[in-house]
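# Close look at the chain arrangement
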Amino acid sequence: MELGQWAFVAAFFVVAPLLPIAPIVLNRLLAPSRPSETKLDVYECGVETVGDTWGQIKVQYYLYAIIFLVFDVEMVFLFPWAVALGSLDFSAYLAGLVFVFLLVEGLVYAWRKGALEWN
Amino acid sequence: MVGIFEDLGFEAGLAAVLGNLVGVVVLATVFLLLPIFTIWVERKVAARFQNRIGPNRVGPYGILQSFPDVVKLLGKELILPRNVDKIPYLLSPIIMVAAVVLIVAVIPLAPTIIGTDLSIGALYFVSVGSLTTIAIVMAGWGSNNKYALLGAFRTVAQLISYEIPLVFSLLIPILLVGSLSMQTIVEFQDTYWIIFYVPTAAVIFLVSNIAEIGRAPFDLIEAESELIAGYMIEYSGMAFAMFYLAEFLHAFLVAVIFSVLFLGGWQGPLAQDVPVLGIAYLTIKSFIVYFAMLWVRMTLPRFRIDHLMAFNWKFLVPVSIVHVLVTAGIWSALPEPDLSGGWFARLGEEFPRMALNLVASVVIAVVSLRLLRQYAEQERQRLSEVTAMVEHKQYPLATTGQGAQSNVIVVGTGSGD
Amino acid sequence: MVPLWMYLVVSAALFCIGAFGVLARRNAIAILLSIELMLNAANINLVAFWRYMNPTVINGQVFAAFVFAVAAAEAAVGVALILSIYRNRQTVMVEDVNILKW
Amino acid sequence: MELTWQAIAFFIFSALTLGGGFAVVTQRNIFHAALFLMLSLFGTAGLFVLLIAPFLAAVQVLVYIGAIAILVLFAIMLTRRLMGLTISLNQQWPAAALAMLVLFGVLLLVLTPVGDDILGQNWSANLPTDGDTAPEVTYITVREIGVAFSTQNGFVLPFEIVSLLLTSALIGAIVVAREDEAI
């Protein structure tokens with residue numbers, strides 16, 4: 001029964017990519033294609049592009065990604081907790097409370113260390 | 001649907017597959033074509049907000065305007081620039097649209113009409129939504145363009161940041177209902193809509209979702225003045241149109257999901273018996289939410305990126321965590337009411353729980369907004385002090401280090417807000 | 001239904017691929033990717049055993065959830081270390097980072 | 001084993017998992033390797049669905065593909081000069097390949113019924129050979145997992161320790177990765 005529902009989702013996973021592919025292919029067939037040197041150039045600020053594209057970016061992005069990762073994993077544990085909470089007693093709430101507080105500690109640390117600052 | 005194919009003489013397994021496929025194609029196509037209409041709505045509403053008329057040439061009130069636009073886009077050249085990383089470059093628009101279309105699978109349209117009522121529906125919504133992030137990284141990397149890459153990184157940083165309050169505020173309805181199934185969430189709202197329990201969570205959910213689709217005031221993604229058009233700069237023709245299609249479809253789906261989670265979905269008078277009414281209620285609610293999103297879009301100016309990040313990490317995330325903890329505490333401390341009676345009896349039985357949650361939620365909102373105001377006042381104070389220092393030449397401007405320069409910029413833009 | 005040993009074979013193959021990556025790749029980030037593959041193989045095993053041996057007790061899935069957390073922690077710290085090495089030594093090739101060898 | 005829809009799905013997802021995994025360890029372009037990792041993880045999510053663990057499948061997509069893979073992509077972008085690489089494997093790769101082939105061979109012998117025939121030992125006798133013997137799952141798994149996380153008879157202590165682990169990983173990663181801290 002459960003698997004039957006997922007067959008529907010699987011069908012969605014097959015159909016969903018086909019929907020955007022169709023107009024793109026149609027576009028390729030219908031539209032003119034006259035590539036030229038300049039047309040295929042990188043569009044940046046009007047002058048010719050300088051340097052390597054895959055350049056280095058700021059470490060700040062990484063810091064956001066790591067805080068996000070930790071909180072995202074936290075969700076893995078909080079979703080079942082939230083679903084089960086209604087049928088459990090108060091000690092289950094305390095378990096979740098401790099769990100969240102331990103993680104908030106990490107957020108507070110990041111805040112105090114300025115890892116949340118965009119500069 | 002499966003039954004029809006079985007009647008036609010197909011073997012049971014194959015009939016199930018065909019039935020599923022047809023259902024999926026119909027459902028997905030209907031939703032995919034919706035933007036043709038919502039784009040017109042959006043342009044018309046935007047025009048009215050700006051005292052214009054908007055599209056008015058094609059069809060009555062310009063309602064058919066999107067069709068010539070689509071035809072025009074079909075005739076535009078699909079340019080594959082030199083040195084692009086072809087596979088990520090071409091896959092990106094496809095994944096972008098597919099990820100959004102996949103959300104449709106779990107939307108309950110009426111008591112009996114739903115793509116599929118997964119036991120993890122709400123989580124499915126978040127999971128599938130996170131696929132768009134990958135599409136953006138692929139576009140940024142594949143385009144072989146510094147601006148595209150930079151735009152993609154900014155966008156991803158924004159998306160992943162706002163996913164945290166989004167999921168936390170999604171956790172709250174799940175906590176109240178005790179299930180991840182979308183249909184169960186809607187059925188729970190038979191007496192009171194969830195927005196009456198936790199209005200603050202609803203607002204956080206909507207705000208973080210608007211950020212997630214990169215709409216104004218969170219539209220740094222396409223900040224024309226700084227990043228040209230962000231990660232989609234190198235795209236043209238239909239590949240470019242796909243990104244826009246995905247954005248508009250996602251925007252509307254957010255309105256639908258919001259209605260399902262917080263505004264009772266298909267719930268309404270007689271909806272239990274007449275499924276069509278359910279669809280109508282859901283559509284009306286969704287368009288009201290969509291209009292609210294447009295209102296926000298047309299009214300507020302764009303965020304600056306550091307403000308955007310600070311607003312998320314220092315305001316939305318803490319507030320939503322506190323909200324989850326408070327609501328969970330109330331919910332597990334209160335006894336389950338007796339919900340076996342008629343509708344009016346249940347209305348009375350449910351009231352104390354609802355009222356207590358409502359009060360708590362409003363208190364959270366008031367306190368957090370107070371704190372925000374206090375912080376803003378401090379910030380204004382600090383900025384005006386810096387301004388005064390600069391004006392009296394006490395600030396080391398003459399020895400222009402990098403620091404002094406950037407401070408001047410902060411003053412220039414900061415005093416305005 | 002698919003017999004259990006097929007899942008175990010898939011998991012074993014994935015584990016071997018991952019272990020090969022760890023042993024043979026030069027790029028530290030690629031090694032990190034390979035470790036993720038190995039963790040995934042472990043997860044397939046846990047869930048498959050849960051499903052076939054004792055689905056009335058949820059332990060297999062709970063363990064798999066813990067593996068997710070461990071994988072996330074590992075990825076976060078691993079990437080941080082790679083970044084730090086890159087910043088100090090301008091390389092992500094593991095054979096260039098031999099300072100502890102002496 | 002007859003070729004049911006379920007078996008077909010199993011083979012497709014296994015092919016995704018293993019093919020993606022193989023590409024991860026052989027691709028020269030590290031960005032492509034990371035994309036193939038996502039494909040492999042997606043295949044694993046499909047396998048989880050087949051094993052009726054939908055919660056883990058969703059989490060797999062949310063955490064692995066949506067977060068860990070993104071983090072790795074960020075790391076790839078942060079450490080440049082990777083594009084021009086021609087050699088992706090080190091000199092000891094033939095030895096490594098051989099070792100892993102041997103390991104896989106041994107595992108095959110132990111796990112498969114065919115291997116049992118060859119060895120004359122019945123290692124896999126304790127495994128259910130036919131999947132139809134696998135009992136039905138009759139409960140909602142998410143709620144059961146939640147109960148396991150937050151009751152004393154379940155896993156409440158590991159649950160809290162996971163939180164501690166994540167916090168320490170967060171703090172550690174911030175300390176290590178920040179530019180201004182001396183290492």
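For the structure itself, consult the block above.
Each chain has its residues counted from 1, following the order in which its sequence is written. The lettering of chains begins at A and the numbering of ligands begins at 1, in the order of writing. In keeping with the predicted nature of the model, local features appear solely for residues at pLDDT of at least 70, side-chain atom pairs appear and are counted solely at 80 or more, and the whole-chain, interface and lining totals rest on all residues. Values reported for side chains reflect all heavy atoms of the structure, with hydrogen atoms and water molecules removed beforehand.

## Points about the overall build of chain C
The cut-off we apply is this: Put simply, DSSP H or I for four residues or longer makes a helix, DSSP E for two residues or longer makes a strand, and each gets a number counted from the N terminus. Exposure categories follow from relative accessible area, calculated using a 1.4 Å probe and restricted to protein chains: below 20% of the type maximum is buried, above 50% is exposed, and the middle band is partly exposed. Only heavy atoms enter the contact rule, under which two residues are in contact if any of them lie within 4.5 Å.
Looking only at helices and strands, chain C features three helices and zero strands. Going from N to C terminus, chain C has its helices and strands arranged as α-α-α. Evaluated residue by residue, chain C yields a buried proportion of 66% over its 102 residues. Sequence separation of at least 24 residues holds for 59% of the intrachain contacts in chain C that already meet a minimum separation of 6.

## Some details on the overall build of chain A
Heads up, the rule is: Each accessible area is a Shrake-Rupley result for a 1.4 Å probe, and residues are judged covered by the shown protein chains and nothing else.
Secondary structure assignment for chain A yields three helices and zero strands. Each helix (α) and strand (β) of chain A, taken in turn from the N terminus, gives the series α-α-α. Expressed as a percentage of its 119 residues, the buried residues of chain A come to 52%. In chain A, once contacts between residues fewer than 6 apart in sequence are set aside, the share between residues at least 24 apart is 66%. For chain A, the exposed area adds up to about 5,400 Å²; of that, 65% sits on carbon and sulfur atoms.

## Some remarks on the nonpolar core
We apply this condition: As used here, the term nonpolar core means buried Ala, Val, Leu, Ile, Met, Phe, Trp, Tyr and Cys residues forming a set that is joined through side-chain atoms within 4.5 Å.
Grouped together as the largest cluster of nonpolar side chains are 278 residues, with contacts concentrated most on Phe12, Tyr62, Phe77 and Phe79 of chain A together with Phe55 of chain D. With 23 residues, helix α2 (residues 59-85) of chain A is the largest single contributor of residues to this core. Contact partners of phenylalanine 79 of chain A, with chain neighbours within four places excluded, come to Leu123, Val167, Leu170, Leu171, Ile174 and Leu180 of chain B together with Phe55 of chain D.

## Topic: the interface of chain A and chain B
As a reminder, the rule being used: Simply put, the buried area is the total loss of 1.4 Å probe accessible area from both parts when two parts are fitted together. Salt bridges are identified by distance alone: a Lys or Arg side-chain nitrogen within 4 Å of an Asp or Glu carboxyl oxygen. Nitrogen and oxygen atoms within 3.5 Å of one another constitute a polar contact, given that in protein one can donate a hydrogen and the other can accept it, and given that sequence-neighbouring residues count only through two side-chain atoms. When residues are grouped by polarity, Ala, Val, Leu, Ile, Met, Phe, Trp, Tyr, Cys and Pro land in nonpolar, Asp, Glu, Lys and Arg in charged, and all others, Gly among them, in polar.
Counting residues at the interface gives 67 residues for chain A and 78 residues for chain B. Both faces considered, chain A and chain B share a buried interface measuring about 6,800 Å² in area, 75% of it formed by carbon and sulfur atoms. Applying the counting rule to chain A against chain B returns zero salt bridges. Along the contact surface separating chain A from chain B lie six residue pairs in polar contact (both at pLDDT 80 or more). Broken down by secondary-structure element, the contributors of at least two residues to the side of chain A that touches chain B are α1 (2-30), α2 and α3 (90-112) of chain A. Among the elements that make up the side of chain A that touches chain B, the one with the highest residue count is α1 of chain A (22 residues). Taken together, the residues that form the side of chain A that touches chain B break down as 49 nonpolar, seven polar and eleven charged.

## Here's the deal with the packing of aromatic side chains
Here is the rule we go by: Note on aromatic contacts: the rings of Phe and Tyr and the six-membered ring of Trp form a pair at centre separations within 6.5 Å, being stacked when their planes are under 30 degrees apart, edge-to-face when over 60 apart, and tilted otherwise.
For the structure on display, the rule yields 47 aromatic pairs over all chains. Between the aromatic rings of phenylalanine 291 of chain B and tryptophan 295 of chain B, the centroid separation amounts to 5.9 Å while the plane-to-plane angle is 55°, which identifies the pairing as tilted. With phenylalanine 291 of chain B and tryptophan 295 of chain B both in helix α13 (residues 275-299) and four residues apart, the pair spans about one turn of that helix. In this structure phenylalanine 291 of chain B comes out as partly exposed when scored by relative accessible area, which is 37%. An aromatic cluster of three or more residues is present, and its members are Phe77 and Phe99 of chain A, Phe63 and Phe66 of chain C together with Phe149, Phe155 and Phe159 of chain D.

## Quick word on the interface of chain D and chain C
Each partner contributes to the interface: chain D provides 88 residues, whereas chain C provides 71 residues. Taken together, chain D and chain C are joined by zero salt bridges. Here chain D and chain C share six residue pairs in polar contact (both at pLDDT 80 or more) between them. Contributing elements (two or more residues each) for the side of chain D that touches chain C: α1 (5-26), α2 (30-50), α3 (54-78), α4 (93-111), α6 (141-150) and α7 (156-177) of chain D. Of the residues belonging to the side of chain D that touches chain C, the class tally is 62 nonpolar, 18 polar and eight charged.

## Some words on the environment of leucine 176 of chain B
Residues and elements named next belong to chain B. Among the secondary structure elements, leucine 176 is positioned in helix α7 (residues 146-177). Under the relative-accessibility criterion, leucine 176 is labelled buried at 3%. Distance from leucine 176 to tyrosine 197, taken between C-alpha atoms, is 8.9 Å for residues 21 residues apart in sequence. In this view, leucine 176 contacts Phe188, Ile194, Tyr197, Val198, Thr327, Trp331 and Asn357; residues no more than four positions away in its chain are not counted.

## Quick notes on a nonpolar patch on the surface
Basically, it comes down to this: Like-charged residues within 9 Å of one another, or nonpolar side chains (Val, Leu, Ile, Met, Phe, Trp, Tyr) within 5 Å, are grouped into patches, provided each residue has over 30% relative accessible area and no salt bridge.
On the surface, Val14, Leu18, Ile21, Val25, Leu26, Leu29 and Leu30 of chain A cluster together into a nonpolar patch covering about 650 Å² of accessible area. Judged by its relative accessible area of 51%, valine 14 of chain A falls in the exposed class.

## With respect to the pattern of salt bridges
Residue and element names in this part refer to chain B. Tallied over the full model, the rule gives eight salt bridges over all chains. Aspartate 190 is paired through a salt bridge with arginine 346; the nearest N and O atoms lie 2.3 Å apart. Placement of aspartate 190 in the loop between α8 (182-188) and α9 (194-197) and of arginine 346 in helix α15 (residues 343-391) is noted, with a sequence separation of 156 residues between them. What you see here is one network of salt bridges that share partners, running through Glu42, Arg215, Glu247 and Arg297.

## Details of empty space enclosed by the protein
Residue and element names in this part refer to chain B. Defined as follows: Put plainly, a pocket is an open set of points on a 1 Å grid over the protein atoms alone with protein on both sides within 12 Å along at least five of seven lines, a cavity is a set where a 1.4 Å probe fits but cannot get out, and a lining residue has an atom within 4 Å of a point. Grid points are joined across faces, edges and corners, and a volume is the space filled by probe spheres set on the points.
Scanning the model with the defined rule gives five cavities of 30 Å³ or more in all. There is about 80 Å³ of room inside the second largest cavity. Ile103, Phe125, Val126, Gly129, Ser130, Glu163, Leu166, Asn209, Glu212 and His250 together form the lining of the second largest cavity. Listing elements by their share of the lining of the second largest cavity, those giving two or more residues are α5 (121-129), α7 and α10 (199-212). Tallying contributions element by element places α5 first for the lining of the second largest cavity, with three residues. Residues of the lining of the second largest cavity, tallied by class, amount to four nonpolar, four polar and two charged.

## Observations concerning the packing of helix α1 (residues 4-24) of chain C against α1 of chain D
Cut-off, in case you're wondering: Comment: axis = line fitted to C-alpha atoms, over the contacting stretch for helices; angle = value between 0 and 180 degrees taken between N-to-C directions. In this scheme, roughly parallel covers angles under 35 degrees and roughly antiparallel covers those over 145, while 65 to 115 is roughly perpendicular and the rest are oblique.
Interhelical geometry of α1 of chain C versus α1 of chain D gives an angle of 10° and a closest axis separation of 9 Å. By the criterion of interaxial angle, the relationship of α1 of chain C to α1 of chain D is roughly parallel. Only Phe10, Phe11, Ser14, Thr17, Leu18, Gly21, Phe22 and Val25 of chain D of α1 of chain D make contact with α1 of chain C, whose side of the interface consists of Met6, Tyr7, Val10, Ala13, Leu14, Ile17, Phe20 and Gly21 of chain C.

## Some thoughts on the environment of asparagine 144 of chain B
Residues and elements named next belong to chain B. Its place among the elements puts asparagine 144 in the loop between α6 (131-142) and α7. Overall, asparagine 144 belongs to the buried group, its relative accessible area being 8%. It is 8.6 Å that separates the C-alpha atoms of asparagine 144 and glutamate 234, two residues lying 90 residues apart in sequence.

## Thoughts on the side chain of serine 127 of chain B
Tracing the chain through its elements places serine 127 of chain B in helix α5. Serine 127 of chain B sits in the buried class, given a relative accessible area of 3%. Looking at serine 127 of chain B, its side chain comes within polar contact range of the main-chain oxygen of alanine 58 of chain D, at 2.9 Å. Look past the residues within four positions of serine 127 of chain B in its chain and what remains in contact with it is Ala58, Val61 and Leu62 of chain D.

## Overview of the packing of α7 of chain B against α10 of chain B
All names here are of chain B. As a reminder of what qualifies: Crossings are sorted by hand: turned counterclockwise from the far helix by less than a right angle, the near helix makes the crossing left-handed, and turned clockwise it makes it right-handed.
Running from N to C, α7 and α10 point in directions that differ by 155°, and their axes come no closer than 8 Å. Classed by the angle they form, the pair α7 and α10 counts as roughly antiparallel. You can see that α7 and α10 cross each other, and the crossing is left-handed. Between α7 and α10, the contacting residues are Gln158, Leu159, Tyr162, Glu163, Pro165, Leu166, Ser169, Leu170 and Ile172 on the first element and Ala201, Ile204, Phe205, Ser208, Asn209, Ala211 and Glu212 on the second. Across the contact of α7 with α10, the residue classes break down as ten nonpolar, four polar and two charged.

## So, the side chain of threonine 38 of chain B
Here threonine 38 of chain B is to be found in helix α2 (residues 12-49). Ignoring anything within four residues of it in the chain, the contact list for threonine 38 of chain B reads Phe252, Phe287 and Tyr290 of chain B.

## Considerations on helix α14 (residues 305-333) of chain B
Residues and elements named next belong to chain B. For the record, the criterion: Here a helix's expected span is defined as the number of its residues, less one, multiplied by 1.5 Å. The seven residues ending at a residue and the seven starting there each receive a fitted axis; the angle between those axes is the bend at that residue.
The terminal C-alpha atoms of α14 lie 41 Å apart, and with 29 residues this matches the ideal 42 Å at 1.5 Å per residue to within 8%. Of all the bends in α14, the largest measures some 30° and sits at asparagine 312. For α14, the buried fraction is high: 21 of the 29 residues fall into the buried class.

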